[in-house]
Amino acid sequence: MDGRMLLQASESSQDTAPFFGFIGAASALVFSCMGAAYGTAKSGVGIASMGVMRPELVMKSIVPVVMAGVLGIYGLIIAVIISTGVTPGKYTLFDGFAHLASGLSCGLAGLAAGMAIGIVGDAGVRANAQQPKLFVGMILILIFAEALALYGLIVGIILSSKAGSAAAA
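This is a predicted model, so every value here is computed, not measured.

Draft legend 1. Representation of the environment of isoleucine 47 within the structure. If you trace the backbone, isoleucine 47 turns up in helix α1 (residues 3-53). Beyond its immediate stretch of four places on either side in the chain, isoleucine 47 contacts Val58, Ser61, Ile62, Val65 and Val125.

Structure (structure tokens):
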């Protein structure tokens, strides 16, 4: 490979690198919000169904909806971190791939957590209406489901911090 081909290849990769970074930011937000929306909708169905018979428990049963809403915030945090790291000029393919991995890890973890929160929230609020002793157990399961998204957020922050380290080396 001669010098001109190498120069063209590096210029081409410089042009496409931001694409991967922006896709990472978009995927963090989109997948996390999909998880938040699913968790909110599925839990909301359970709350509405339970609220017909036990309206006094509706406010106590909002916990899964709040926990599902936090998932979208995780995606927003990573999307902002990534988008501020995408700069014209010295943005390499390594940076783009690091940001893509960061966004996917946070987004897909948020999607999985949202599905878990929605299913547990739906069943949990209905069961809590029939047996109030199940409330603490439901909350614990929801906390462990939320932790899945928190793991994705932590890994996303670590991966995002790796971007820019290739230029420094």
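There's more to say after this.
Draft legend 2. Highlighting the pattern of salt bridges. Considering all chains together, one arrives at three salt bridges under this definition. The salt bridge partner of aspartate 122 is lysine 42, with a shortest N-O separation of 3.5 Å. Remark: lysine 42 occurs in helix α1 and aspartate 122 occurs in helix α3 (residues 93-130); sequence separation between them is 80 residues. Overall, lysine 42 belongs to the partly exposed group, its relative accessible area being 29%. A salt bridge links arginine 54 to glutamate 56, with the shortest nitrogen-to-oxygen separation between them at 2.7 Å. Under the relative-accessibility criterion, arginine 54 is labelled partly exposed at 28%. Look at glutamate 56 and you get exposed, because its relative accessible area is 54%.

Draft legend 3. Quick look at the packing of helix α2 (residues 63-85) against α3. At a minimum axis distance of 9 Å, the contact between α2 and α3 shows a crossing angle of 175 degrees. The angle between α2 and α3 falls in the class roughly antiparallel. Side by side, α2 and α3 meet where Pro64, Met67, Ala68, Leu71, Tyr74, Gly75, Ile78, Ile82 and Gly85 of the first sit next to His99, Ser102, Gly103, Cys106, Gly110, Ala113, Gly114, Ile117, Gly121 and Val125 of the second. Counted by class, the contact of α2 with α3 contains eleven nonpolar, eight polar and no charged residues.

Parameters and conventions
Residues numbered from 1 in each chain as written. Predicted model: local features only at pLDDT ≥ 70, side-chain atom pairs only at ≥ 80, totals over all residues. Heavy atoms only, no water. Helix = DSSP H or I, 4+ residues; strand = E, 2+ residues; numbered from the N terminus. Contact = heavy atoms within 4.5 Å. Salt bridge = Lys/Arg side-chain N within 4 Å of Asp/Glu carboxyl O. Buried < 20%, exposed > 50% of the residue type's maximum accessible area, 1.4 Å probe, protein only. Axes fitted to C-alpha atoms, helices over the stretch in contact; angles between N-to-C directions. Parallel < 35°, antiparallel > 145°, perpendicular 65-115°, else oblique. Nonpolar A, V, L, I, M, F, W, Y, C, P; charged D, E, K, R; others polar.

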